[in-house]
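Residue-level structural notes
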Amino acid sequence: MPEFMTVPAKSTSPDKPIVSVPVRKLVDYVLRTGGLGGEGGFSSLDRARAGMRGQKQLQDARPAGYQTEVPVACEVECRDFILRVQGRIDGFLRTETFVHIEEIKTVMSFDASGPDPLHQAQLKMYAALWARQEPGVRIETVLTYLNLETNEVRDYAETPALDALATFFEEVTSAYAQWAEELQNWRTLRDHSLQALAFPYPAYRAGQREFAVAAYRTLVRGGRLFAEAPTGIGKTISVLFPALKALGEGRFVRLFYLTAKTIGRVVAEKALSDLRDAGARLRSVTLTAKEKICFNSGAPCDLNTCPYAIGYYDRLKPALGEVLSVGALTRAAIEDTARRHQVCPFELSLDAALWVDVIVCDYNYVFDPSAYLKRFFAEDVEDCAFLIDEAHNLIDRAREMFSASLDKASVLEIKKAVKDAAPDCAKALGRVSRAMNLLMREEKEDQTQDQEKDLFTLSDGSVEDPEAARRSPERPRLGREEGLRAVMELPEELLSPLRHFLTAAGAWLMRNKPAPWREALLTLYFDVSAFLRIAEMYGDGYATLIRSGRKDAGVRLFCMDPSGPLRQVLERARAAVFFSATLAPLEYYRDLLGGGPRDEARTWPSPFPRDNLRLLIQDRISTLYKERANSVDEVARSIAALIQPHRGNYMVYFPSYEYLKQVCARFEVIQPSECRVMTQTSGMSESEREAFMAAFDAPQAGTLLGFAVMGGVFGEGIDLTGDRLVGAIIVGVGMPQLCLERDLIQDYFQKTRGTGFDFAYTFPGMNRVLQAVGRVIRGETDRGVVMLVDTRFAQGRYRRLFPAWWQPLAVRGDEEILCQARQFWEGGDMTTIQ
């Protein structure tokens with residue numbers, strides 16, 4: 001599918017917009033037939049590089065006067081716009097008798113049926129373009145194929161008649177112009193509706209208009225906004241409404257609404273629906289992960305056997321025409337159309353995305369170097385804007401997207417499987433295995449030398465006083481885990497064997513031979529490709545983790561600081577708005593999310609009455625790991641005291657499943673008889689999660705208590721309005737689990753910012769706490785109680801991260817908890833903590 005856009009340019013009709021399209025995309029859209037498989041169903045990265053080398057090899061061998069990459073273009077006036085067709089000719093040579101125009105293609109094998117019709121059409125379009133700018137010229141076209149396997153060359157030369165070229169050009173551009181005209185008409189209709197669009201709700205909530213104005217200003221001027229706005233202010237509509245107003249003014253041509261979780265996409269779809277109800281003419285598509293939307297769920301994706309991939313392009317245009325008649329292309333709408341037209345639903349959603357105004361999708365479609373949508377960002381980088389929902393989630397997601405791992409067990413398993421059928425692959429994997437063994441051996445030798453060092457050895461080699469460490473139990477140990485070592489250098493000795501493997505595996509996969517281990521080989525191929533891609537990005541913000549365990553040996557390139565890679569991605573957009581209920585402190589999030597001092601960062605207060613939330617701080621119970629066993633009874637009694645005065649639904653959040661189970665077991669001994677308990681378990685299925693949430697929708701005769709973990713699926717993103725949730729208890733400060741990766745983050749940011757512990761542990765942990773608190777007050781009439789349980793909540797390190805609108809109350813025992821909860825529900829006064 002092609003991409004085109006309105007671009008500034010000179011034309012004979014200056015009042016008409018110009019729609020620009022490259023020759024290759026134009027031909028692909030109008031004339032492509034067949035399935036998704038393409039040449040062999042697989043195209044390797046090494047194949048692409050070899051193709052470029054082969055093309056240059058042929059160009060360098062041409063005679064004097066031969067020109068390469070010659071630009072050519074022309075404009076075709078349509079009723080409402082100018083169609084600008086443009087491209088670059090691979091080879092051009094002028095002789096006394098002819099103008100020679102050459103198109104070069106590289107292949108792994110020659111097709112017995114002759115040249116590819118799409119390649120011929122592309123060459124004819126170049127010839128037609130040249131004939132239009134030099135009327136009467138005699139043209140010879142040459143379609144040249146180079147076999148990369150044998151280095152054999154085949155030429156297909158023609159001397160087309162000029163009138164035939166003109167007719168072909170008119171037929172192709174006319175077919176494309178019909179779709180371009182439809183899009184231009186749609187955008188005109190859309191823009192008029194958006195310019196007249198009013199805010200879709202009766203009134204703005206407190207602070208909401210100011211938020212929308214700040215977002216609009218950023219989207220119009222360009223740049224970035226980092227906005228912390230509390231739950232209930234209406235963040236989604238506050239960014240979508242101004243974004244659509246800017247879209248209607250022509251500030252950009254496409255809007256990406258990026259989310260971390262499914263619930264975020266559902267909220268965005270609801271807001272877009274409300275905007276349509278208010279008069280917006282709008283096309284949007286929600287992208288669903290390929291494995292979730294695939295009709296052959298569970299089966300390997302084989303483009304040469306899947307009935308929805310075979311003949312895809314033969315059925316695409318009717319499917320696309322139908323799907324674009326629907327304004328909201330949700331997952332259900334895409335699946336319905338795809339089934340009726342027998343096309344791949346995932347590919348249909350991507351092709352439809354080229355023609356819509358708003359794309360709702362996961363972060364990875366924009367930020368992940370292995371998965372981002374190249375069709376949108378390969379050429380033009382400032383024709384879109386990003387709205388980034390729940391932006392606090394992007395830091396850890398980005399660390400994962402910009403990291404890469406290789407598992408030694410997979411290397412050995414596939415090496416054994418391909419030994420006979422693909423010996424070149426097996427040989428290359430043997431080199432990879434030996435290189436990994438050398439890294440593991442160095443790790444073991446280094447550990448042996450380090451056995452005499454103190455347990456509190458820092459990663460920079462200095463030694464921390466053990467007594468000081470014990471006096472500061474929150475201070476995690478920087479250093480090693482058993483069988484795991486971190487170095488601050490790229491494992492260069494591993495890269496060459498990996499590149500050899502890509503070459504060997506790519507050559508075998510290109511042959512498209514069936515094999516029981518083909519899917520596993522393909523997976524390893526992509527894992528190695530990702531590893532080498534991240535290796536090219538490796539720099540100061542990276543570390544290499546080497547694990548030498550028997551069952552889990554491997555190498556990981558770990559991104560400690562994602563700000564640099566994120567900043568590069570943000571250059572693809574004209575503007576970006578990062579928003580969340582929890583971006584405290586703002587400077588930390590702006591820094592790590594790729595922003596800078598010039599980017600606006602603002603916080604908005606809660607729009608709801610402060611007295612609707614009673615926040616209690618039980619700061620006499622320590623939940624430090626080594627003291628948790630002694631705290632179980634006190635925590636259980638504190639929970640019972642809080643829920644006793646008022647029946648309803650409550651959530652209790654814990655730092656770990658183990659601690660959750662211990663407190664839950666104790667609570668069930670002392671709980672009121674009418675209290676029902678539900679617990680989150682590790683690895684819950686989708687149906688189990690739905691059942692857990694459904695319990696909070698059902699009417700309750702007594703009290704329902706949900707035990708969950710902070711930062712999990714029930715810790716943020718769930719929307720329990722009204723009496724569906726009347727209270728929450730947060731046990732602990734949410735500090736991430738101590739591990740080498742977190743220690744490395746701490747060490748790195750201590751050296752670069754002087755705030756290592758906060759960056760690695762305090763800020764991410766407190767974000768989980770704030771998210772959990774935000775589950776309680778979701779609307780203007782919601783009222784509820786929240787209790788934070790941990791001695792650390794009395795410390796300045798955490799208190800300074802409390803939102804300004806909080807009114808915390810200190811409670812030092814069960815009686816005070818009971819009293820304050822009862823006063824709240826009975827409408828009594830309270831005294832604010834000092």
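Check the entry above for the structure.
About the thresholds
Sequence order sets the numbering: in each chain, residues are counted from 1 along the sequence as written. Totals for whole chains, interfaces and linings use every residue, but because this is a predicted model, local features are given only for residues with pLDDT of at least 70 and side-chain atom pairs only at 80 or more, for both listing and counting. By convention in this description, side-chain values take in all heavy atoms of the structure and omit both hydrogens and water. Strands here mean DSSP runs of E at least two residues long; helices mean DSSP runs of H or I at least four residues long; both are numbered from the N terminus. Taken over C-alpha atoms, the radius of gyration is set against a globule rule of 2.2 Å times the number of residues to the power 0.38. Here's how the labels work: a residue is buried when its accessible area is under 20% of the maximum for its type, exposed when over 50%, partly exposed in between, all with a 1.4 Å probe on protein chains only. We call two residues contacting when some pair of their heavy atoms lies within 4.5 Å. Surface exposure here means Shrake-Rupley accessible area, sampled with a 1.4 Å probe, where a residue is shielded only by the protein chains that are shown. Note: the arc covers the axis-to-C-beta directions of the helix. In this scheme, a helix's expected span is set at 1.5 Å multiplied by one less than its residue total. Any two strands between which DSSP finds at least two bridges are classified as paired. For helices, the fitted line uses only the C-alpha atoms of the stretch in contact; every axis is such a line through C-alpha atoms, and the angle between N-to-C directions lies from 0 to 180 degrees. Side-chain rings of Phe, Tyr and Trp, where Trp is taken by its six-membered ring, are said to pair if the distance between their centres is within 6.5 Å; with planes under 30 degrees apart they count as stacked, over 60 as edge-to-face, and otherwise as tilted. Charge over a ring is defined by NZ of Lys or CZ of Arg lying within 6 Å of the ring centre and within 35 degrees of the ring normal. Without a salt bridge and with relative accessible area above 30%, a residue can belong to a patch; like charges are then joined within 9 Å and nonpolar side chains (Val, Leu, Ile, Met, Phe, Trp, Tyr) within 5 Å. Throughout this description, the term salt bridge denotes a Lys or Arg side-chain nitrogen within 4 Å of a carboxyl oxygen of Asp or Glu. Counting rule applied: Lys, Arg positive; Asp, Glu negative; His and chain ends not counted. Where a charge sits is defined by one atom per residue type, namely NZ (Lys), CZ (Arg), CG (Asp) or CD (Glu). In what follows, roughly perpendicular refers to angles from 65 to 115 degrees, roughly parallel to angles under 35, roughly antiparallel to angles over 145, and oblique to any angle outside these ranges. For a crossing to be left-handed, the near helix must be turned anticlockwise from the far one by less than a right angle; the clockwise case is right-handed. Only Asp, Glu, Lys and Arg are considered charged in this grouping, and only Ala, Val, Leu, Ile, Met, Phe, Trp, Tyr, Cys and Pro are considered nonpolar; every other residue, Gly among them, is considered polar.

1. Here we look at the overall build of the chain
A tally of helices and strands in the chain yields 28 helices and 26 strands. Whereas a compact globule of 834 residues would reach a radius of gyration of roughly 28 Å, the chain reaches 31 Å, a difference of no more than 12%. In terms of overall dimensions, the chain has C-alpha extents of about 100 × 70 × 45 Å along its principal axes. Here the chain, with 834 residues, has 56% of them falling under the buried criterion. Partitioning the intrachain contacts of the chain with sequence separation of at least 6 by distance along the chain shows that 78% fall at a separation of at least 24. Only carbon and sulfur atoms are counted for the fraction: they give 49% of the accessible area of the chain, which is about 36,400 Å².

2. A look at helix H20 (residues 563-570)
What H20 keeps buried is the set Ser563, Pro565, Leu566, Val569 and Leu570. Down the axis of H20, the sector holding all buried residues measures 165°, keeping them to one side.

3. As for helix H24 (residues 686-697)
For H24, with twelve residues, the first-to-last C-alpha span of 17 Å sits near the 16 Å given by 1.5 Å per residue. Burial in H24 covers these residues: Phe692, Met693, Ala695 and Phe696. Down the axis, H24 shows its buried residues gathered within 145° of arc, on one side only. H24 presents Glu686 and Ser687 as exposed residues on the side facing more than 90 degrees away from its buried surface. Those residues of H24 that are buried lie in contact with strand E21 (649-654), strand E22 (675-679) and strand E23 (703-709).

4. Quick word on the sheet that holds strand E15 (residues 484-487)
In a beta sheet, neighbouring strands pair by backbone hydrogen bonds and run either parallel or antiparallel. If you walk across this open sheet you meet the four strands as E14-E17-E16-E15, and the pairing is antiparallel. Two strands lie at the open edges of the sheet, namely strand E14 (404-407) and E15, each paired on one side alone. Strand-to-strand twist of the sheet, defined as the mean angle between neighbouring strand axes without regard to direction, takes the value 15°. Sheet topology note: the E15/strand E16 (residues 542-547) ladder contains four bridges and is antiparallel. Residue pairing in the sheet places Leu484 in a bridge with Arg547 of E16. The strands touched by helix H19 (residues 518-537) are E14, E16 and strand E17 (554-559); relative to E14, the strand with the most contacts, the crossing angle is about 135°.

5. Overview of the packing of aromatic side chains
The geometry of an aromatic ring pair comes down to the distance between the two centres and the angle between the two planes. Going through the model one piece at a time under the given rule, you end up with 35 aromatic pairs. With a centroid separation of 6.0 Å and 85° between ring planes, the pair formed by Tyr145 and Tyr156 is classed as edge-to-face. Of this pair, Tyr145 sits in strand E6 (residues 139-147) while Tyr156 sits in strand E7 (residues 153-158), and the two are eleven residues apart along the sequence. Taking relative accessible area as the criterion, Tyr156 reaches 28% and is therefore assigned partly exposed. Note on Phe199 and Tyr201: the rings are 5.7 Å apart at their centroids and 90° apart in plane angle, and the pair reads as edge-to-face. Cluster of aromatic residues (ring-pair linked, three or more members): Tyr588, Tyr589, Tyr748, Phe749, Phe759 and Phe763. A cation over a ring is seen here: Arg339 above Phe295, with NZ or CZ 3.9 Å from the ring centre.

6. A word on a positive patch on the surface
On the surface, Lys415, Lys419, Lys427, Arg431 and Arg434 cluster together to form a positively charged patch. Per-element accounting of the positive patch gives the leading share, three residues, to helix H16 (residues 423-449). Among the secondary structure elements, Lys419 is positioned in the loop between helix H15 (408-417) and H16. With a relative accessible area of 59%, Lys419 lands in the exposed category.

7. Looking at unusual backbone geometry
Note on backbone geometry: most residues besides glycine have negative phi, and most peptide bonds are trans. Between Ala584 and Pro585 the backbone carries a cis peptide bond, its omega angle lying at -5°. Tracing the backbone shows Pro585 in the loop between strand E18 (575-580) and helix H21 (586-592). Although it is not a glycine, Glu69 sits at a positive phi angle of roughly 50°. Here Glu69 shows up in strand E3 (residues 67-77). A positive phi angle, close to 45°, is found at Glu390, a residue other than glycine. As for its position among the elements, Glu390 is in the loop between strand E13 (384-388) and helix H14 (394-401).

8. With respect to the packing of helix H3 (residues 117-133) against helix H4 (residues 162-195)
Packing of H3 against H4 leaves a shortest axis separation of 9 Å and a crossing angle of 110°. For the element pair H3 / H4, the angle class is roughly perpendicular. Where H3 crosses over H4, the handedness of that crossing is left-handed. Contact residues: Ala121, Lys124, Met125, Ala127, Ala128, Leu129, Ala131 and Arg132 in H3; Leu162, Leu165, Phe168, Phe169, Val172 and Thr173 in H4. By residue class, the composition of the contact of H3 with H4 is eleven nonpolar, one polar and two charged.

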